[in-house]
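Results of the structural survey
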Amino acid sequence: MKEGVVVKEGLRQSMSWVHTWAGLLVCWLLLLVFMAGTAAYYRHEITFWMKPELHKAADAPSKIASADAAVLAVRGLQQRAPAASGWFIDLPSERNPLITASWTNPPKKGMSREERRNAFRQQNFVLDPMTGLDTAAPRDTRGGEFLYRLHFDLYYMSAIWGRWIVGIAAMFMLVAIVSGVITHKRIFKDFFTFRPRKGQRSWLDAHNASAVLALPFHLMITYTGLVTLMFMYMPSPTKALYGEDQNTMFADVFMNVDRTRPARVAAPLADIAPMLQQAERAWGEAPTRVVVSHPNDANAKVELFRPSGRQLSNIEPSMTFNGASGALVSSTGPISTTLSARAALYGLHVAHFADPLLRALFFICGLAGCAMVATGALLWGVKERQKYAKIVAQGGKVGFGVRLVDALNIGAIAGLPVAFAVYFWSNRLLPLELVERSNAEANCFFAAWAGCAILAQIRPTRGMWRFQLTLGALLLGALPLLNALTTHSHLGVTLFGGPGLRPVAGFDLVTLALGLLLGWAAWWLGRKGKKQALAKPAAPAAAANPPAPLEAA
Amino acid sequence: MNMLILSGVALAFSGFAAKGVVMDRHYADIHGRGKEPDSAVRLRMRLIGWLALGLSFIACIGASGWHLGPVLWCGVLSIAAWSVTLLLQYAPRKVLLGAWIGVPAALLAAGLLLFA
């Protein structure tokens, strides 16, 4: 009996050690990943907010049938890129009020992947579904796509490196979650417990509440995040089977990878409208995405995709037509169990299926994840600082480790919201004709973050916490005002107008709410500071060495 | 559909509330320091709590199907649990009152599932 107890305590303690260090090592990067990922649930809405030139066209109530919209898009593509190797068309739907089309050109020899990707960014246009004409040219921005890529590719490095770094952080996260559950002695007894104004206790309660009460989400998002890139993290099985020829593997496993080659015989593309009507009859809802491979070739192929929203899978049901004759070739049959399991896990992570309510729940759980990482990082400092309580009381200084963690915490927890806000501000304030404008926006994000992180390293004090939190609050909270001053789609219009502009209103309101939250945090810190100063008037040492930034809550 | 989700949220809230109010710390917060629920009450409330959580699961499945329903339920559980946590701290007596919302919610969910 007694031995069992001893072993149990030992396990708890060692798990506590694992939890602390697995968490601390990667927490600042995880915070970036969590924040960018949470924002990425609304990446289309963010992109739309960041392209105000499109707002006017989106505001018109659109009643165009998707077949007519597809015909408009095909006409535009025939004019611009008749010899493209692929056309991609997104038709107006619930989350996308406009017709967007893009194309890829046949690969030229000697073009690097990066060059191809950059060229692809230029090869697109947006049509107003009401008039069929081009919308005003949107500004050069990557919008929410930047945040989405930041979430797993990072920036200023090759995507492969970014994915490895994020993947390792995610593995640490998984370890931290599991060890955290094991080490949490009173997980059921403290299930609903939150005790404010109790210093370390309160931080621990907040950490537990944000972690335990959304545990299914945290576990799911970390695990499925690893699954999305599993072929990269665990290459051995596919290497053994396919050797260096990984593309064949992808083509075998995901039948959606196109393997047809152009016949190099010209053949006009068949009328696309009947295909869309046929798909709509079969599914009971109109397709939202059209992919044409090798248009105007005898081997042309048209794929229509059903809107997601009925199942978890990220592989949407599709119908394939012969592009030259217009005849139905196939519709996606059942995919293998393994593939559908992966598609469901992948789908869970990216949540394309989510309706507005479910999406909001994912967003809130993502914010809880941010809170979990942030409170965990703060807890380390709060606990470690107690070891220095006596030294600080005698006018000494805290150790290097505590100071470093404090500074990193300020730079990440208070600095990252500033960086996000600056990214959105730069979208509106940078001159429109700037060369490489979308890169300049990203540079603004990182410049702001670097500034915050460096300031925090120079002076990791309570005053710095308040300064950066206040800055973030002002920048985020004033975004609706900035939007009102720089566009015609301010809250007065977007709240009471048609459904097309609702994403803009949503963006404005959510940033306002987040700004208020940061402002509240700054105000709360200031009040705490005053109270502590009043409570210890006889301790001049405390004034000379500003007390721990977030110690006694 | 939305009414079904709403009743799912209400049921999850009631379920957690029922389990929360008989936990030692929260029971003492509500009824005074040192008071403890007797074991029959505790058992009954716990059973009611699990029942309400189960009904909330059924409501979510009814609203969104077997694919998305469980995902929805997880989100609903988190929201309900955070609400109960905050209420137990800042207005513990309101939890006793609020827990009753599960009864009309259960009737509504049953009605919608059986007759609609």
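What you see is a predicted model; the values in this text were computed from it and never measured.

As for the overall build of chain A
- Each helix and strand counted, chain A has 23 helices and 7 strands in total.
- For chain A, the C-alpha radius of gyration of 27 Å lies close to 24 Å, the compact-globule estimate for 553 residues.
- The dimensions of chain A, computed from C-alpha atoms along their principal axes, are 90 × 65 × 45 Å.
- In chain A, 72% of the contacts between residues at least 6 apart in sequence involve partners at least 24 apart.

Topic: the overall build of chain B
- For chain B, the helix and strand inventory stands at 5 helices and 0 strands.
- Along chain B, helices (α) and strands (β) appear in the sequence α-α-α-α-α when read from the amino end.
- For 116 residues, the compact-globule formula gives about 13 Å, and the C-alpha radius of gyration of chain B, at 15 Å, lands near that figure.
- Taken over the C-alpha atoms alone, chain B extends approximately 45 × 25 × 20 Å along its principal axes.
- Counting over 116 residues, chain B shows a buried share of 46%.
- Considering only residue pairs separated by 6 or more positions, chain B has 75% of its internal contacts joining residues 24 or more positions apart.

Topic: the sheet that holds strand S6 (residues 318-322) of chain A
Residue and element names in this part refer to chain A.
- Reading across from one edge, S3-S2-S1-S4-S5-S6-S7 is the order of the 7 strands in this open sheet, with antiparallel pairing throughout. Each edge of the sheet is formed by a strand with only one pairing partner; in this case those strands are strand S3 (124-127) and strand S7 (328-331). For this sheet, the mean inter-axis angle between neighbouring strands, taken without regard to orientation, is 15°.
- In terms of strand pairing, strand S5 (residues 301-305) meets S6 through 5 bridges, oriented antiparallel.

So, the interface of chain B and chain A
- Across the contact, 18 residues belong to chain B and 17 residues belong to chain A.
- Those elements that place two or more of their residues in the side of chain B that touches chain A are helix H1 (2-21), helix H2 (24-31) and helix H3 (39-90) of chain B.
- The biggest single contributor to the side of chain B that touches chain A is H3(B), with 14 residues.
- When its residues are assigned to classes, the side of chain B that touches chain A shows 10 nonpolar, 7 polar and 1 charged.

Let's talk about unusual backbone geometry
All names here are of chain A.
- Located in the positive-phi region is His294, a residue other than glycine, with phi close to 50°.
- Along the chain, His294 falls in the loop between strand S4 (289-293) and S5.
- With 25 C-beta atoms packed within 10 Å, His294 lands in the buried category.
- Positive phi, normally seen in glycine, also occurs at Ala351, with a value near 55°.
- Tracing the backbone shows Ala351 in the loop between helix H14 (337-350) and helix H15 (356-386).

Remarks on the domain arrangement of chain A
All names here are of chain A.
- As assigned here, chain A comprises domain 1 (19-49 + 155-228 + 353-544) and domain 2 (58-138 + 256-334).
- Here the C-alpha centre of domain 2 lies 39 Å away from the C-alpha centre of domain 1.
- Contact with domain 1, which involves 7 residues of that partner, is made by 10 residues of domain 2.
- Of the residues contributing to the side of domain 1 that touches domain 2, the split by class is 2 nonpolar, 4 polar and 1 charged.

Some details on helix H7 (residues 159-183) of chain A
- Helix length check: H7(A) (25 residues) gives 35 Å between terminal C-alpha atoms against 36 Å at 1.5 Å per residue, within 8%.
- Along H7(A), the residues classified as buried are A:Val166, A:Ala169, A:Ala170, A:Phe172, A:Met173, A:Ala176, A:Ile177, A:Ser179 and A:Gly180.

Re the confidence of the model for chain B
- Per-residue confidence for chain B gives a mean pLDDT of 92; residues scoring 70 or more make up 99%.
- Predicted complex metrics record ipTM = 0.94 and pTM = 0.90.

Considering the pairing of S4(A)
All names here are of chain A.
- Of the pairings in the sheet, the one linking strand S1 (residues 86-90) to S4 comprises 5 bridges and is antiparallel in character. Bridge pairing links Gly86 to Ser293 in S4.
- Bridge analysis of S4 against S5 gives 5 bridges, and the strand direction is antiparallel. Among the inter-strand pairings, Arg289 is bridged to a residue of S5, identified as Phe305.

Section: the packing of H3(B) against helix H5 (residues 102-115) of chain B
Residue and element names in this part refer to chain B.
- Between H3 and H5, the shortest axis-to-axis distance is 10 Å and the interhelical angle comes to 35°. With respect to the hand of their crossing, H3 and H5 are arranged in left-handed fashion. From H3, Ala52, Leu55, Ala59 and Gly62 reach across to H5, where they touch Gly102, Ala106, Ala109 and Leu113.
- When the residues that make up the contact of H3 with H5 are grouped by side-chain class, the tally is 6 nonpolar, 2 polar and no charged.

Some points on the nonpolar core
- Residues A:Leu31, A:Ala70, A:Ala73, A:Ala419 and B:Val84 are the most contacted members of the largest nonpolar core, which totals 175 residues.
- The element contributing the most residues to this core is H3(B), with 19 residues.
- Residues from two domains meet in this core; each of domain 1 (19-49 + 155-228 + 353-544) and domain 2 (58-138 + 256-334) of chain A gives at least three.
- Excluding its chain neighbours within four sequence positions, the residues that come into contact with A:Ala70 are A:Ile89, A:Leu91, A:Ile272, A:Ala273, A:Leu276 and A:Val290.

So, the environment of B:Ile101
All names here are of chain B.
- Examined against the element boundaries, Ile101 turns out to sit in the loop between helix H4 (92-98) and H5.
- Residue class for Ile101 comes out partly exposed when judged on the 16 C-beta atoms lying within 10 Å of it.
- Put simply, Ile101 and Leu11 are 90 residues apart on the chain and 7.5 Å apart in space, counted from C-alpha to C-alpha.
- When near neighbours in sequence (up to four residues on either side) are disregarded, Ile101 contacts Ala10, Phe13 and Ser14.

Let's talk about helix H9 (residues 215-228) of chain A
- Its 14 residues give H9(A) an end-to-end C-alpha distance of 20 Å, which sits within 8% of 20 Å, the value for a rise of 1.5 Å per residue.
- Of the surrounding secondary structure, the elements contacted by the buried residues of H9(A) are H7, helix H8 (200-212), H14 and H15 of chain A together with H3 of chain B.

Let's talk about the environment of B:Trp50
Residues and elements named next belong to chain B.
- Topologically, Trp50 is positioned in helix H3.
- C-beta crowding within 10 Å serves as the criterion here: with 13 such atoms nearby, Trp50 is assigned to the partly exposed category.
- Sequence separation between Trp50 and Ser14 is 36 residues, and the spatial gap between their C-alpha atoms is 9.8 Å.

Let's talk about the confidence of the model for chain A
- For chain A, the mean per-residue pLDDT works out to 87, and 92% of the residues sit at or above 70.
- Below pLDDT 50 for its whole length, residues 539-549 of chain A participates in 19 contacts with residues either more than four positions away or in separate chains.

Describing the pairing of S1(A)
All names here are of chain A.
- Here S1 lies mainly inside the structure; 4 of its 5 residues are buried.
- Across 5 bridges, S1 lies against strand S2 (residues 99-104) in antiparallel orientation. Looking at the pairing, Phe88 lines up with Ser102 of S2.

So, how was this worked out
- Residues numbered from 1 in each chain as written.
- Chains lettered and ligands numbered in written order.
- Predicted model: local features only at pLDDT ≥ 70, side-chain atom pairs only at ≥ 80, totals over all residues.
- Helix = DSSP H or I, 4+ residues; strand = E, 2+ residues; numbered from the N terminus.
- Rg over C-alpha atoms; globule rule 2.2 N^0.38 Å.
- Contact = placed C-beta atoms within 7 Å.
- Buried ≥ 20, exposed ≤ 12 C-beta atoms within 10 Å, placed from the backbone.
- Pairing = 2+ DSSP bridges.
- Axes fitted to C-alpha atoms, helices over the stretch in contact; angles between N-to-C directions.
- Nonpolar A, V, L, I, M, F, W, Y, C, P; charged D, E, K, R; others polar.
- Domains from an automatic or database assignment.
- Expected span 1.5 Å × (residues − 1).
- pLDDT = per-residue confidence, 0-100.
- Left-handed = near helix turned anticlockwise from the far one by under 90°.
- Core = buried A, V, L, I, M, F, W, Y, C linked by C-beta atoms within 7 Å.

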